[in-house]
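Each chain is listed here by its residues.
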Amino acid sequence: MGCVHGKCCCGQYPTSSDGENRDFRESGPCTGQGKHILANRSLDCVVVPSHNFRLEYSVLTQRGHYPETPEKENQDSFCIKTQIQNNPNVHFFGVFDGHGQFGTQCSNFVKNRLVEILSGDPTLLDDPLKAYHSAFLATNEELHNSEIDDTFSGTTAITVLVIGDTLYVANVGDSRAVIAVKEGNRIVAEDLSHDQTPFRKDECERVKLCGARVLSVDQVEGLKDPGIQSWGDEETEGGDPPRLWVQNGMFPGTAFTRSVGDSTAEKIGVVAVPEVSMVQLTPNHPFFVVASDGVFEFLSSQTVVEMIFICDVNLKKLISFYPDSSVDFKSSGTVASYTDPRDACSAIAGESYKLWLEHETRTDDITIILIQIKGLSNSGANSIKVRSGVNIQPNALKIRKGTPDTFVHPAAGSEVLGSLRSDFSDLHPCQHNVSPDQSPGRVIPSPALPLPSVV
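Residues numbered from 1 in each chain as written. Predicted model: local features only at pLDDT ≥ 70, side-chain atom pairs only at ≥ 80, totals over all residues. Heavy atoms only, no water.

Honestly, the overall build of the protein chain in this entry has me stumped. Any pointers?
If you tally the helices and strands in the protein chain, you get 10 helices and 19 strands. Here the protein chain, with 455 residues, has 58% of them falling under the buried criterion. The long-range fraction of contacts in the protein chain, counting pairs at least 24 apart against all pairs at least 6 apart in sequence, stands at 71%. Summed over all atoms, the accessible surface of the protein chain reaches about 17,400 Å², with 49% contributed by carbon and sulfur. (Helix = DSSP H or I, 4+ residues; strand = E, 2+ residues; numbered from the N terminus. Buried < 20%, exposed > 50% of the residue type's maximum accessible area, 1.4 Å probe, protein only. Contact = heavy atoms within 4.5 Å. Areas by Shrake-Rupley, 256 points an atom, 1.4 Å probe, with all protein chains shown as cover.)

Structure (structure tokens):
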């Protein structure tokens, strides 16, 4: 969800580029009939020797369907960088959703520079939270000072840094990371990030303190009372969401409260300070997903997790186990008939496109990275050897002095480390008027899916 006219407030869009270091093909366009055209997608694997497990990952990116701007290119980009600092236990996954006239350039600039700055930070393994914050702010400043005009253009960024068996999730904007958790006989989706939009009361109040007017388009146009500062939730009111405006103008109209770039919106509180969460992986975590908001506009996190999980089990038994599931197993467009994780990504993209076209005449760009966690056990969990000759004990990772923009993900079924925080008191106050008690993510409408006993 971007600015007023779909993704932005501007006109034409320049060309996008591929993700970093990955051989893949972008999926073809979606037809007016909602038929999703599949193409080649990547499937790769990397070992995490410190805990003797591996990450198998697949990525798919899909240009949106834009009848009014048929030449518009995919503004999403992604970055997959393994063995950060030549360390076999440190890996990076990121999705960047550009918006505005120069959104493609912004997303590609950020996907390249963010990981470069992180990789070059000698403190990364000692204090990943501080390194993450510094990298986002430095990337934002470099974008402002680059040849790219980010006056009304920018990008969201959802990134996951894997260090041993710990995930550090840094989010700016409304893209999302989700992890699947085996909880008893159920598979449950847990959001690792919280969408940063004016629907969140803490974010709404923060940008108001920075001078933003928060109004929906109907309120700006006088169709609704601008004095009403309650917009329900994103699930029910996403068609006319609250947006950010300068005090005496009809711009920028962003529907997000944080981004990289967007120098005009930055003056009213749209900052590049990431919210960072962390979670320690356990054998109850089969996979996690990093995706742009095009995936989640009409699909809940729970539904996405169910679709990925279903791809590994038998269709007939699924129908008997889950007669009331939110997923239509028999539909030719679902993932239930697939056994390849690349097909799971394609099915999610296809289902997202179908739902977009049922509600609107266009679709958003869609990018999804699926990372499967294979072979993780509880053995060897007492130490994480992420640097040559150095063992980092879990307790050594637990205590830091903090910023309210950093929080520990309260994952059910997860072994959660203590809060890792860094002191950034020298930053602008508009970047830190956020309550430590983070608002919950979107309400998951579909029921948690029980785990079947499939042989």
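Would you mind showing me how to read the packing of aromatic side chains here?
For any two aromatic rings, the description comes down to two numbers: the centre-to-centre distance and the angle of the planes. A full pass over the atoms with the stated rule returns five aromatic pairs. When the centroid spacing of 6.2 Å and the interplanar angle of 80° are considered together, the rings of F93 and F288 count as edge-to-face. With F93 in strand 4 (residues 90-99) and F288 in strand 15 (residues 287-291), the pair connects residues that are 195 residues apart, well separated along the chain. Look at F93 and you get buried, because its relative accessible area is 0%. For F288, a relative accessible area of 0% gives the class buried. Of the aromatic side chains, those joined through ring pairs into one cluster are Y57, F93 and F288. (Phe/Tyr/Trp six-rings, centres within 6.5 Å; stacked < 30°, edge-to-face > 60°.)

Explain the side chain of T254 here, please?
If you trace the backbone, T254 turns up in strand 12 (residues 252-254). A distance of 3.2 Å separates the side chain of T254 from the backbone oxygen of F256, its partner in a polar contact. (Polar contact = N/O pair within 3.5 Å; in protein donor to acceptor, adjacent residues only side chain to side chain.)

What am I meant to see in the pattern of salt bridges here?
Once their charged atoms are close, side chains differing in charge can pair, the charge on each being opposite to the other. Considering all chains together, one arrives at 13 salt bridges under this definition. Where K72 meets D365, a salt bridge forms, and the shortest distance between an N and an O atom there is 3.5 Å. Here K72, found in the loop between strand 2 (53-62) and strand 3 (76-81), pairs with D365, found in the loop between helix 10 (341-359) and strand 16 (366-374); they are 293 residues apart in sequence, far enough to count as distant. Taking the relative accessible area as the measure of exposure, D365 reaches 1% and is therefore buried. (Salt bridge = Lys/Arg side-chain N within 4 Å of Asp/Glu carboxyl O.)

How should the side chain of T264 be read in this particular structure?
Looking at the element boundaries, T264 is found in helix 6 (residues 263-266). Under the relative-accessibility criterion, T264 is labelled buried at 11%. In this structure T264 touches T151, F152 and F251, once residues within four positions along its chain are discounted.

Teacher, can you tell me more about the nonpolar core here?
As a rule of thumb, nonpolar side chains are buried together in soluble globular proteins. Grouped together as the largest cluster of nonpolar side chains are 31 residues, with contacts concentrated most on F92, Y132, F136 and L161. Contributing elements (two or more residues each) for this core: strand 4, helix 1 (103-119), helix 2 (128-144), strand 6 (157-163), strand 7 (166-172) and strand 14 (275-280). The biggest single contributor to this core is helix 1, with seven residues. Not counting the four nearest positions on each side in its chain, L161 is found in contact with V90, H91, F92, L124, Y132, T166, L167 and Y168. Core analysis: the second largest hydrophobic core is formed by 27 residues, L55, V160, V162 and L376 among them. (Core = buried A, V, L, I, M, F, W, Y, C linked by side-chain atoms within 4.5 Å.)

Where do I start with the environment of L281 in this structure?
Among the secondary structure elements, L281 is positioned in the loop between strand 14 and strand 15. For the pair formed by L281 and I179, sequence separation is 102 residues and the distance between their alpha carbons is 9.8 Å. If sequence neighbours within four positions are ignored, L281 has contacts with F53, D165, L167, I179, I373 and L376.

What exactly am I supposed to notice about helix 2 here?
Side chains that are three or four residues apart share a direction in an α-helix, a result of its 3.6 residues per turn. The end-to-end C-alpha distance of helix 2, which contains 17 residues, comes to 24 Å, matching closely the 24 Å that a straight helix rising 1.5 Å per residue would cover. Within the sequence span of helix 2, burial applies to P128, L129, A131, Y132, H133, A135, F136, L137, T139, N140 and L143. (Expected span 1.5 Å × (residues − 1).)

Could you clarify how one ought to interpret the environment of I366 in this entry?
Here I366 shows up in strand 16. Classification of I366 by relative accessible area gives buried; the value is 0%. Distance in space between the C-alpha atoms of I366 and F296 is 9.4 Å, their sequence separation being 70 residues. In this view, I366 contacts L60, T61, Q62, D76, S292, G294, V295, A349, S352 and Y353; residues no more than four positions away in its chain are not counted.

Would you take a moment to explain the pairing of strand 6 for this structure?
Working note: regular strand, side chains alternate between the two faces of the sheet. Across the seven residues that make up strand 6, a large majority, seven, are buried. With burial as the criterion, each face of strand 6 is covered, one bearing A157, T159, L161 and I163 and the other bearing I158, V160 and V162. Where strand 4 lies against strand 6, six bridges are found, and the strand directions are antiparallel. Bridge assignment links H91 to a residue of strand 6, and that residue is V162. By the bridge criterion, seven bridges tie strand 6 to strand 7 in an arrangement that is antiparallel. What sits directly across from L161, in strand 7, is Y168. If you look at the hairpin formed by strand 6 and strand 7, you'll find two residues sitting between the two strands, and G164 has a positive phi there, around 60°. (Pairing = 2+ DSSP bridges.)

So what exactly am I meant to see when it comes to unusual backbone geometry here?
For residues besides glycine, phi is generally negative; the peptide bonds are generally trans as well. Cis geometry is found at the peptide bond from F251 to P252, where omega equals 0°. Along the chain, P252 falls in strand 12. The backbone of Q83 sits at a positive phi, close to 55°, despite the residue not being glycine. Here Q83 shows up in the loop between strand 3 and strand 4.

When you look at the sheet that holds strand 10 (residues 213-215) in this model, what are you seeing that I'm missing?
By way of backbone hydrogen bonds, the strands of a sheet pair with one another, either parallel or antiparallel. Taken in spatial order, the three strands make up an open sheet running 10-11-12, and their pairing is antiparallel. A single partner strand is all that each edge strand has here, and the edge strands are strand 10 and strand 12. This sheet shows a mean twist of 30° between the axes of neighbouring strands, independent of strand direction. Here strand 11 (residues 243-245) runs beside strand 12; their pairing, made up of two bridges, is antiparallel. Looking at strand 12, one finds that L244 is bridged to T254. (Axes fitted to C-alpha atoms, helices over the stretch in contact; angles between N-to-C directions.)

Looking at this structure, how should I read the confidence of the model for the protein chain?
Caution applies to low-pLDDT parts of the model: their predicted coordinates are not meant to be read in detail. Counting all residues, the mean pLDDT for the protein chain is 76, and 66% of those residues have values of 70 or more. Across residues 380-404 the pLDDT falls below 50, and counting only partners more than four positions away or on other chains, this stretch makes 61 contacts in the model. Low pLDDT (under 50) marks residues 406-429, which in the prediction has 79 contacts with non-local residues, meaning those over four places away or in another chain. (pLDDT = per-residue confidence, 0-100.)

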